[in-house]
Amino acid sequence: MERLRKQLEFIHEIDKLKYIQRKTKLFKSNRHENDAEHSWHLAMMVMVLVEHSNEPIDILKVLKMVLIHDIVEIDAGDTFLYDTSKSHDNWNEELAAAERIFGLLPIDQKEELIAVWKEFETGETNEAKFAKAIDRLEPVLQNLSNGGGTWTEFSVELATVIKKINGIQKGSNTLWDYTEEMIDKGLRNGDFKL
């Protein structure tokens, strides 16, 4: 019963992810996405797009990565990718959040999820590269569906967009080629300006 109590305490705690608002908006919408919606959408994208990974991957591990990677934002908050006033180097703050939140679980599950979270953050394995590619792709698709979305809203320059999202190619050359093509098409068609 103690193990179950810990697991249910964790499940209760991660409900807070639904209240962490992101800057990106849902497809063709003015409503901001929350972290739980983002994580669910990434998991679905992984299942559908796995064939486009540059390398063979363990899909279950990738699913774990995308489902847990933002849980730390319950404590650390969401940092907008294009924010120029905030540091994106908050590893220590996020690690402390991972220790606290995953620490609610029984030790074996805590250790597994922290290891998976660290693997995602480090971004060196094939699984982490693909997970990060999907994590970058989803807001690109949202912004493209919203006439430039947060790129336009926050006057983000094209070079900055490309710099922030070019990690997509580490996980999937196919998805990167598509991303570049769609951004170029949107700019040529006047769908948005950067």
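Structure's up top.
Now for a description of the structure that goes with this document. (Residues numbered from 1 in each chain as written. Predicted model: local features only at pLDDT ≥ 70, side-chain atom pairs only at ≥ 80, totals over all residues. Heavy atoms only, no water.)

A short note on the overall build of the chain
Argument step 1. A tally of regular secondary structure across the chain gives 11 helices and two strands.
Argument step 2. What you see in the chain, going N to C, is helices and strands ordered as α-β-β-α-α-α-α-α-α-α-α-α-α.
Argument step 3. Its C-alpha atoms give the chain a radius of gyration of 17 Å, within 12% of the compact-globule value 16 Å for 194 residues.
Argument step 4. Seen through its principal axes, the chain has C-alpha atoms that stretch 60 × 35 × 25 Å.
Argument step 5. Expressed as a percentage of the 194 residues in the chain, the buried residues total 42%. (Helix = DSSP H or I, 4+ residues; strand = E, 2+ residues; numbered from the N terminus. Rg over C-alpha atoms; globule rule 2.2 N^0.38 Å. Buried < 20%, exposed > 50% of the residue type's maximum accessible area, 1.4 Å probe, protein only.)

Some words on unusual backbone geometry
Argument step 1. Residue Lys28 is not a glycine yet carries a positive backbone phi of 50°.
Argument step 2. Assignment of secondary structure puts Lys28 in the loop between strand 1 (21-25) and strand 2 (32-34).
Argument step 3. Residue class for Lys28 comes out exposed when judged on its relative accessible area of 69%.
Argument step 4. A positive phi angle, near 50°, is found at Ser155, a position not held by glycine.
Argument step 5. Of note, Ser155 is situated in the loop between helix 8 (149-153) and helix 9 (158-165).
Argument step 6. Take Ser155: its relative accessible area is 61%, and that puts it in the exposed class.

All we've got here are geometric facts, nothing functional implied.
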